[in-house]
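Fold and geometry: a report
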Amino acid sequence: MVLLSGWRMASFEHSGDERRDDELHRVRHSLAHVLAQAVLDMQPGATLGFGPPIKDGFYYDFILSEPLTEADFPEIERRMRKIIKKGQRFYREDLPAAAALARIDEMGEPYKREYGAELLEKHGLQELSFYRNGPFLDMCEGPHVHTTKDIPRDAFKLRSVAGAYWRGDSRNRMMTRIYAWAFADREALEAHVERWRLAQERDHKKLGRELGIFAIDNEVGRGLPLWLPNGTVIRDELEKLAKELEFKAGYQRVATPQLAREALYFKSGHLPYYAEDMYPAMQVVESRRLDDESEEDEESAPGLNDNAGQTGADEADSPRQGSRQGDGVEKMAVSIGSSVGLRDRATLSVKDAYRLRPMNCPHHHKVFAASPRSYRELPMRLAEYGHVYRWEDSGAVGGLLRVRGMCMNDAHIYCTETQIKDEFKAVMRLYQRAYAVLGLDNYVVRLSRWDPEDPKGRDKYVDNPGAWARSEAILAEVLREMGVNYVDGVGEAAFYGPKIDIQFTTVTGREESLSTVQLDFSQPESLGLRYVGADGELHTPYCIHRAPLSTHERMVAFLLEHYGGAFPTWLAPVQVQVITVSERFDSYAKTIVAGLRERMVRAELAPSSDTVPKKIRQGVTMKIPNLLVVGEREAAEGKVTLRRYGQKAQHTLSFAAFQAALLNTIESRSLEFLLPE
RNA sequence: GCUCACAUAGCUCAGUCGGUAGAGCACUUCCUUGGUAAGGAAGAGGUCAUCGGUUCGAAUCCGAUUGUGAGCACCA
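On a predicted model such as this, the values are computed, not experimentally measured, just so you know. (Residues numbered from 1 in each chain as written. Chains lettered and ligands numbered in written order. Predicted model: local features only at pLDDT ≥ 70, side-chain atom pairs only at ≥ 80, totals over all residues. Heavy atoms only, no water.)

Examining the sheet that holds strand 26 (residues 576-580)
So the rule is basically this: A strand pair is defined by DSSP finding two or more bridges across the two strands. Helix and strand assignments follow DSSP, with helices taken as H or I runs no shorter than four residues and strands as E runs no shorter than two, numbered in order from the N terminus. For helices, the fitted axis covers only the stretch in contact; all axes are lines through C-alpha atoms, and the angles between them, taken along N-to-C directions, range from 0 to 180 degrees. Only heavy atoms enter the contact rule, under which two residues are in contact if any of them lie within 4.5 Å.
Spatial ordering of the open sheet is given by 27-26-28-29-30, a layout of 5 strands whose pairing is mixed. The sheet is open, and its two borders are formed by strand 27 (603-605) and strand 30 (650-654), each paired with just one other strand. Each adjacent strand pair in this sheet contributes to an overall mean axis angle of 30 degrees, direction not counted. Pairing analysis gives 4 bridges linking strand 28 (residues 626-630) to strand 29 (residues 639-644), with the strands arranged antiparallel. The partner of Val629 across the bridge, within strand 29, is Thr641. Of the strands in this sheet, strand 26, strand 27, strand 28 and strand 29 touch helix 20 (residues 586-598), which is tilted by about 160 degrees from strand 27. Running at roughly 110 degrees to strand 30, helix 23 (residues 655-667) makes contact with strand 26, strand 28, strand 29 and strand 30 of the sheet.

If you want it as structure tokens, here you go:
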């Protein structure tokens, strides 16, 4: 290896950042270069994007002439190991702006060129750094290992190939991204892969099928889950919990329809801001037969598609609307009324249009508006587990996490400005209580703010900078006063105001919002909500939107993964299963089951034709929390033998004692079974 | 929506070179009455996602569509 002038050995530089200087970080970053070298070796014309280290390894983005698939992984890995074995040294060179750009031009890397120019111009860098190892040259800020021999050859594994937009912007070209795991040694890699494999076992889609929680049928529709009996039990229990907590917190329940006329959604701001996320309109069409001789109304026939003309929606401006037509949206528009004989000579006009609701708030606002309100009624807290429907992108829909029809633990709190903080705190306490009951503690609180710099700003957020600043300050104050740690989420706000979101990570490593509390300074005004203040004047209330228990869909998905399907007794679809040692004890078992069911315990008798081990196995497979084994010993003395899920130790106790303990466990929603002293 | 992969029984999967479909579990019936993770036997169950093409012949090869998964973008 000839050391070019200007190049120095990589290991001499230090960035001063402790994490970045971390050895594993260097190894991962260097492996990304080794991967790129191997891929360029196989496809000499490939173009490079970014190739950074990530939390469990690294990736590299390419534009390839021939698609790579996972079938190519063994060959790529083989070449990578070969490169590592060569002991290529990493050399660094810093070039001043002009020379750096010339160097990138020589490299023929248009994406590196774009980024390099941006670093120099926007970020004001004076020079750019380059790294070379063997024949591979990359514009890169480092750091790297000293030589490829410093990279363990058996501690990385290519994971998956995926598409990713250049600079994370869907207007840009899609590149091919290769993800890989990488660790300090083989044991760490294998342990990680094993943890990852175990996590897949907890995937809610797998557990949901195995435990009979939900099913999705394509004839019903994508993202429209069917709740099976076991899943419906969990929903009912969650609703019961929410209703109790909300009743105690002074909420009132309401019930409102799942659709409304379009005009409501123009006023609320949903159609101007979120039309592309709503199901298409259901149009009420009026048809009138034409006489053969009078054809003057011919041009009004296209009115069937002329939704905008009727409603004022400027949907032509929505860039996504056009692309969705291929998705069958046009065909889904429903004609109500006289659709008979449309092929005959008839003229059509849209009389009215309805939309499935994407959110419950406009309906609740209308409940508020149903009668004149006084400040004495505030804060008014209106709650409903409301069904909403959203036209999620096809690529986003999956399992219970992203669905097109969902049921939300929703409520809207109407209050005065001075009440906002206390109400927000009360909501935060309510979700903290709910989470404590459910045993959830692995979440992150995010203050979701608007992004005034967002190029799509006007289309994405209500344009009222002063209100944004005030409301964001109130939320930050609430969090500070409550001593809640939170992360900043610029650009994560709702269109009508900032939010406090509770973020969870799924077993597959994806972060999703579970709960949300939002401050709305926009909708009450646009819907003309008013109350009479102490001063006798009309005022507009503030509105807090909140969903501590999320949607049933998302909450059950998280709970399935959180508990690994083994629900605490109060939530379990089957709380007790009775297993008889022989059919001779069926009548005793039936008495037990009937007694428990009389007290609303979800108890069942296992089928009697199976052997005891088989019945135990099935009960365990279904993750039933409490199995009761009864035979001669128990029947004679009115006892039961309790076998708790996941525990070898068993307890034989009188049925009366068991029942009392069980009812206590359920009543208190304990995560553990409360055995008698 | 985008990139890549995948689609065989309710579930998990096999199916060779293109020659007319297989296993285990689950299900049904019968036998077994068994004390802590699969007792035994028999039976039933498939338009190989859909549509089209190539071929004497397609689960198998090609194309389109739909769906699923991973990732990206999106996410009230």
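Concerning the pairing of strand 21 (residues 499-505)
To keep things clear, this is the line we draw: Accessibility here uses a 1.4 Å probe with only protein chains present; expressed as a share of the type maximum, an area under 20% marks a residue as buried, one over 50% as exposed, and anything in between as partly exposed.
Burial of strand 21 is extensive: 6 of the 7 residues sit out of reach of the surface. Pairing of strand 19 (residues 444-449) with strand 21 involves 5 bridges; the strand directions are antiparallel. Across the sheet, residue Ser448 finds its bridge partner in strand 21, namely Lys499. Between strand 21 and strand 22 (residues 511-520), which pair antiparallel and follow one another directly, the connecting turn spans 5 residues, one of which, Gly509, has a positive phi of 90 degrees.

Overview of the sheet that holds strand 22
Spatial strand order, 12-17-18-25-22-21-19-20: 8 strands in an open sheet with mixed pairing. Edge positions in the sheet fall to strand 12 (252-253) and strand 20 (487-490), since each of these pairs with one other strand and no more. Relative to strand 25 (residues 542-546), strand 22 runs antiparallel, the two sharing 4 bridges. Its bridge partner lying in strand 25, Leu519 is registered against Ile544.

As for the protein's contact with RNA strand B
We count it as follows: We call a residue near a molecule or strand whenever a single non-hydrogen atom of that residue lies within 4 Å of it. Contacts described as polar in this section are N or O atom pairs within 3.5 Å, which, within protein, must combine one atom able to donate a hydrogen with one able to accept it, while residues neighboring in sequence count only if both atoms come from side chains.
Every one of the 53 residues lining RNA strand B counts as a neighbour, but Tyr165, Asp277, Ser394, Arg402 and Val581 are closest to it. In RNA strand B, atoms within 4 Å of the protein come from the sugar-phosphate backbone in 46% of cases. Here Ser582 contributes a side-chain N or O atom positioned 3.3 Å from a base oxygen of RNA strand B. The contact in question runs from a base oxygen of RNA strand B to an N or O atom on the backbone of Glu632, over 2.8 Å.

What about the packing of aromatic side chains?
How two aromatic rings sit relative to each other is given by the distance of their centres and the angle of their planes. To be explicit about the condition: Each Phe, Tyr or Trp ring (for Trp, its six-membered ring) is paired with any other whose centre lies within 6.5 Å, and the angle between the two planes then decides the class: stacked below 30 degrees, edge-to-face above 60, tilted in between.
The full count for this structure, using the stated rule, is 24 aromatic pairs. Aromatic side chains Tyr461 and Trp468 sit 5.5 Å apart centroid to centroid with 80 degrees between the ring planes, which places their arrangement in the edge-to-face category. Tyr461 sits in the buried class, given a relative accessible area of 2%. Between Trp468 and Phe521, the ring centres sit 5.3 Å apart and the planes meet at 85 degrees, which makes this aromatic pair edge-to-face.

Thoughts on the packing of helix 8 (residues 229-248) against helix 19 (residues 552-563)
Put simply, the test is: Angular relationships are summarised with four words: roughly parallel below 35 degrees, roughly antiparallel beyond 145, roughly perpendicular across 65 to 115, and oblique for the angles in between.
Following both chains from N to C, one finds helix 8 and helix 19 inclined at 105 degrees, their axes separated by 11 Å at the closest point. The pairing of helix 8 with helix 19 is recorded here as roughly perpendicular in orientation. Side by side, helix 8 and helix 19 meet where Ile234, Arg235, Leu238 and Glu239 of the first sit next to His552, Glu553, Met555, Val556 and Leu559 of the second.

A look at the side chain of His192
Along the chain, His192 turns up in helix 6 (residues 186-201). Looking at His192, its side chain comes within polar contact range of the side chain of Trp181, at 3.3 Å. Setting aside residues no more than four positions away along its own chain, His192 makes contact with Asp56, Trp181 and Phe183.

Some remarks on helix 15 (residues 420-438)
What counts here: Expected helix span is taken as 1.5 Å per residue step, with the number of steps being one fewer than the number of residues.
For helix 15, with 19 residues, the first-to-last C-alpha span of 27 Å sits near the 27 Å given by 1.5 Å per residue. Among the residues making up helix 15, those that are buried are Ile420, Glu423, Phe424, Lys425, Val427, Met428, Leu430, Tyr431, Ala434, Tyr435 and Leu438. One or two positions beyond helix 15, positive phi appears at Gly439, with a value near 75 degrees.

Structural notes on the environment of Gln419
Relative to the helices and strands, Gln419 resides in the loop between strand 18 (405-415) and helix 15. When the C-alpha atoms of Gln419 and Gln650 are compared, they prove to be 53 Å apart, with 231 residues separating the residues in sequence. Aside from chain neighbours lying at most four places away, what touches Gln419 is Leu378 and Pro379.

Thoughts on the environment of Phe658
With respect to the helices and strands, Phe658 occurs in helix 23. A relative accessible area of 0% places Phe658 in the buried class. Separated by 16 residues in the primary sequence, Phe658 and Leu674 have C-alpha atoms spaced 9.6 Å apart. Ignoring sequence-local partners within four residues, the contact set of Phe658 consists of Val576, Leu596, Leu628, Val640, Leu642, Leu653 and Phe673.

Re unusual backbone geometry
Glycine aside, the phi torsion of most residues is negative, and most peptide linkages are trans. Residue Pro379 is bonded to the preceding Leu378 through a cis peptide linkage, with omega at -5 degrees. With respect to the element layout, Pro379 can be found in the loop between helix 14 (361-368) and strand 17 (380-389). Positive phi values are uncommon outside glycine, yet Arg167 reaches one of about 60 degrees. Looking at the element boundaries, Arg167 is found in the loop between strand 8 (156-165) and strand 9 (174-182).

Some words on the pattern of salt bridges
When the charged atoms of two side chains with opposite charge come close together, those side chains can pair. So the rule is basically this: Each reported salt bridge corresponds to a side-chain nitrogen of Lys or Arg within 4 Å of a carboxyl oxygen of Asp or Glu.
Here the structure, examined in full by the defined rule, presents 40 salt bridges. Note that Asp94 is salt-bridged to Arg92, the shortest N-O span being 3.1 Å. Classification of Asp94 as partly exposed rests on a relative accessible area of 23%. Under the relative-accessibility criterion, Arg92 is labelled buried at 13%. Taken together, the shared-partner salt bridges connect Asp41, Glu75, Arg78 and Arg79 into one network.

Considering the confidence of the model for chain A
Quick reminder of the rule: Along the chain, pLDDT gives the predictor's confidence residue by residue, from 0 to 100.
Mean pLDDT over chain A stands at 87; residues scoring 70 or higher make up 87%. Scored below 50 in pLDDT, residues 11-18 shows 13 contacts in the model against residues more than four places distant or in partner chains. Taken together, the stretch residues 293-345 has pLDDT below 50 and engages in 66 contacts with residues farther than four places along the chain or on a different chain. Reported confidence for the predicted complex is 0.94 by ipTM and 0.88 by pTM.

Let's talk about the state of the cysteines
Spelled out, the test is: Note on terminology: disulfide denotes any pair of cysteine sulfur atoms within 2.5 Å.
All told, the structure shown has 0 disulfides when counted by the stated rule. There is no disulfide at Cys407, and the cysteine sulfur nearest it, in Cys361, is 15 Å away.

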